[in-house]
Amino acid sequence: MRINWRKWNRVLHRDLGYFFFGMTVIYAISGIALNHIDHWNPSYIVTQKTVQWDVVSSDGEIDKAMILEFLDDQGEDDHYKKHYYPEPGRLKIFLDKGSVDVDLESGRAFIEKLQRRALFYQVNFLHYNPKRLWTWFSDIYCVALILVAITGLFILKGRHGITGRGAWLTAIGIIVPIVFFLMYQ
């Protein structure tokens, strides 16, 4: 009995494509986001503002109650975690999703807040391989991508397949990354 390798090639290509559709979308979205990391933070929306805090203390010390009063004025009183003095004249306040950096001499306070970007945070989290089991699944996905690429070469026959037009497109698809590699070296 003769094995119809073209049939099994199509079946493998189709089924791997269906099964790994979600992974392909995850890696494509996060790949685009990470390509532009110099232009934006793909995982978080970062908001920053500078406010004036007229720090008045009878003994020159700032206690937690004073910090909470300041945070209340900024709408952040229930986000307080802790504070410390990284250097003389500077106060650092940690919030649930951000921080406040205060120059005690000038009273200038720099507030930075982080908010997770919908969808981008989650796909970037997975792209960074968070756990060992996910790493194995990602490796299997990479092998499947190689198989999908190879089986895709043999889907069509004749002048539209790998012996015709497909050969030219495959050659161009190999040459383009080589050219970019050589340009950047």
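This section reports on the structure supplied with the text. Note that the structure is a prediction, hence the values are computed from the model and not measured.

Parameters and conventions
- Residues numbered from 1 in each chain as written.
- Predicted model: local features only at pLDDT ≥ 70, side-chain atom pairs only at ≥ 80, totals over all residues.
- Heavy atoms only, no water.
- Pairing = 2+ DSSP bridges.
- Helix = DSSP H or I, 4+ residues; strand = E, 2+ residues; numbered from the N terminus.
- Core = buried A, V, L, I, M, F, W, Y, C linked by side-chain atoms within 4.5 Å.
- Buried < 20%, exposed > 50% of the residue type's maximum accessible area, 1.4 Å probe, protein only.
- Contact = heavy atoms within 4.5 Å.
- Phe/Tyr/Trp six-rings, centres within 6.5 Å; stacked < 30°, edge-to-face > 60°.
- Axes fitted to C-alpha atoms, helices over the stretch in contact; angles between N-to-C directions.

### Focus: the pairing of strand 5 (residues 108-116)
- Two elements, strand 1 (residues 44-52) and strand 5, share nine bridges in a ladder whose sense is antiparallel. Following the sheet pairing, V51 is matched in strand 5 by A109.
- In this sheet, strand 5 lies alongside strand 4 (residues 98-103) in antiparallel orientation, the contact comprising five bridges. Looking at the pairing, V100 lines up with I111 of strand 5.
- A loop of four residues connects strand 4 with strand 5, the two strands running antiparallel in sequence, and G107 in this loop sits at a positive phi of about 80 degrees.

### Let's talk about the nonpolar core
- With 14 residues, the main nonpolar core has I67, L71, I93 and V100 as its most contacted residues.
- Mapped onto this core, the elements with two or more residues apiece are helix 3 (64-73), strand 3 (90-95), strand 4 and strand 5.
- Setting aside residues no more than four positions away along its own chain, V100 makes contact with F70, L71, L91, K92, I93, L95, A109, F110 and I111.
- Membership of the second largest hydrophobic core comes to nine residues, among which are L16, M23, W134 and Y141.

### Description of the packing of aromatic side chains
- Scanning all chains against the criterion turns up 12 aromatic pairs.
- Judged by centre distance (5.9 Å) and plane angle (40 degrees), the rings of F20 and F137 are tilted. Pair noted here: F20 is in the loop between helix 1 (5-19) and helix 2 (21-35) and F137 is in helix 5 (residues 132-153), with a separation of 117 residues, a long-range link.
- For F20, a relative accessible area of 6% corresponds to the buried category.

### Looking at the sheet that holds strand 4
- Pairing is antiparallel across the open sheet formed by five strands, whose spatial order is 1-5-4-3-2. The sheet is open, and its two edges are formed by strand 1 and strand 2 (80-87), each paired on a single side. Each strand of the sheet is rotated relative to its neighbour by a mean of 15 degrees, with strand direction disregarded.
- Across the sheet, helix 3 is in contact with strand 1, strand 2, strand 3, strand 4 and strand 5; its angle to strand 2 comes to roughly 115 degrees.

Taken by themselves, the reported measurements are silent on function.
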